[in-house]
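# Topology and contacts: notes
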Amino acid sequence: MPAQQKAKIYQEEWERRLHDVQVSKEDLNRLVMDYLVIEGYKSAAEEFSKEAGMDAPVDFDSIENRMNIREALQRGDVGEAITRVNDLNPEILDTNPSLYFRLQQQKLIEYIRQGKIAEALQFAQQELAPRGEESPEFLSELERTMALLAFESSPMMPASVSELLSPAQRMKTAAEVNAAILESFSQGKEAKLVGLLRLLCWGEAMLEERAELPKVRTLGF
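Here's what I pulled together on the structure shown here. Remember, it's a predicted structure, so these values are computed and weren't measured experimentally.

Per the secondary structure count, the protein chain includes twelve helices and two strands. The order of helices and strands in the protein chain, counted from the N terminus, is β-α-α-α-α-α-α-α-α-α-α-α-α-β. The C-alpha radius of gyration of the protein chain comes to 23 Å, more than 25% above the 17 Å expected for a compact globule of 221 residues. Structurally, the protein chain occupies a C-alpha span of about 65 × 55 × 30 Å along its principal axes. Across the 221 residues of the protein chain, 35% fall into the buried class.

Written as structure tokens, this is what we have:
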């Protein structure tokens, strides 16, 4: 049975269809503000709030606090990050043992990165080992982190272990903390604009199964 021929939608027609979709300026402004707040662009959010005549969805100082916490984690200063989170809202870590463990794990990683082996062993024994006894997941992560000591700088170190020392690991921890703070403020964990773009890509993929159409990237978006 021959395959069904795909319909073809030309760029001019596709652009016309896109332009026919009506989106209010208020909705667009809310999307932009949501993105600026979630991603931590305090100054831009303040300026946009004035220009668009919008009420601030959050205290702008809270944006700066989140960014200070994220920057502390990205440079490896876990202690400062924990202090700032507790100053912002102590319930965030009190009610989220998994997140607190991630921060303690990151602190252990930083000890190992700095070559502070005695401190790392003591910290692991006093702070993380008891938590590992409470959870198989925590125990597995602790063992993976301690493997950094076993392999040190060996070329035989598994990627699943060496990745703990990568900048991406710091960024991952920072992202988890940022999401928890946003949730505590009843904010979304991800900018709505990012979710819409993901939905757009999914819809485009679905349409491509039935029709040939211009890709979003070819339209200058």
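Additional details are given in the paragraphs that follow.
Structurally, the position occupied by Ser 135 is in the loop between helix H8 (117-134) and helix H9 (136-151). Take Ser 135: its relative accessible area is 14%, and that puts it in the buried class. Within the local environment of Ser 135, its side chain forms a polar contact with the backbone nitrogen of Glu 137, the two atoms lying 3.3 Å apart.

Let us now look at the pattern of salt bridges. Counted according to the given criterion, the structure contains twelve salt bridges. With a closest N to O distance of 3.5 Å, Lys 42 and Asp 61 form a salt bridge. Highlighted residues: Lys 42 in helix H3 (residues 42-52) and Asp 61 in helix H4 (residues 60-74), separated in sequence by 19 residues. In the salt-bridge network here, residues are joined through shared partners; they are Arg 102, Glu 137, Glu 141, Arg 144 and Glu 163.

Quick look at the environment of Pro 214 now. On the secondary structure map, Pro 214 appears in the segment after strand E2 (211-212). Separated by 181 residues in sequence, Pro 214 and Met 33 place their C-alpha atoms 29 Å apart.

This brings us to the packing of helix H7 (residues 97-113) against H9. Axis separation between H7 and H9 bottoms out at 10 Å; the angle between their running directions is 10 degrees. Taken together, the axes of H7 and H9 lie roughly parallel to each other. Counted together, Pro 97, Ser 98, Phe 101, Arg 102, Gln 105, Leu 108, Ile 109 and Ile 112 of H7 and Glu 137, Phe 138, Glu 141, Leu 142, Thr 145, Met 146, Leu 148 and Leu 149 of H9 form the full contact between these two elements. Along the lines of polarity and charge, the residues of the contact of H7 with H9 split into ten nonpolar, three polar and three charged.

Turning our eyes to something else, we now look at the nonpolar core. Leu 108, Ile 112, Leu 128, Leu 142, Leu 148 and Val 161 are the most contacted members of the largest nonpolar core, which has 16 residues in total. When contributions to this core are tallied by element, the ones reaching two or more residues are H7, H8 and H9. The biggest single contributor to this core is H9, with five residues. With sequence-adjacent residues up to four places away left out, Leu 108 is seen in contact with Ala 120, Phe 123, Ala 124, Leu 128, Leu 142, Thr 145 and Met 146.

Turning our attention to the side chain of Ser 49. Within the fold, Ser 49 resides in helix H3. Residue Ser 49 is classed as buried on the basis of its relative accessible area of 9%. Non-local contacts of Ser 49, meaning those with residues more than four positions away in its chain, are made with Met 33, Met 54, Asp 55, Ala 56 and Phe 60.

A few words now on helix H5 (residues 78-88). Residues of H5 that are buried include every one of Val 78, Ala 81, Ile 82 and Val 85, and no others. Each buried residue of H5 sits inside an arc of 100 degrees when the element is viewed along its axis, so together they form one side. The inward-facing, buried residues of H5 contact H4, helix H6 (91-94), H7 and helix H11 (167-184).

Rules and cut-offs
- Residues numbered from 1 in each chain as written.
- Predicted model: local features only at pLDDT ≥ 70, side-chain atom pairs only at ≥ 80, totals over all residues.
- Heavy atoms only, no water.
- Helix = DSSP H or I, 4+ residues; strand = E, 2+ residues; numbered from the N terminus.
- Rg over C-alpha atoms; globule rule 2.2 N^0.38 Å.
- Buried < 20%, exposed > 50% of the residue type's maximum accessible area, 1.4 Å probe, protein only.
- Polar contact = N/O pair within 3.5 Å; in protein donor to acceptor, adjacent residues only side chain to side chain.
- Salt bridge = Lys/Arg side-chain N within 4 Å of Asp/Glu carboxyl O.
- Axes fitted to C-alpha atoms, helices over the stretch in contact; angles between N-to-C directions.
- Parallel < 35°, antiparallel > 145°, perpendicular 65-115°, else oblique.
- Contact = heavy atoms within 4.5 Å.
- Nonpolar A, V, L, I, M, F, W, Y, C, P; charged D, E, K, R; others polar.
- Core = buried A, V, L, I, M, F, W, Y, C linked by side-chain atoms within 4.5 Å.
- Arc of directions from axis to C-beta.

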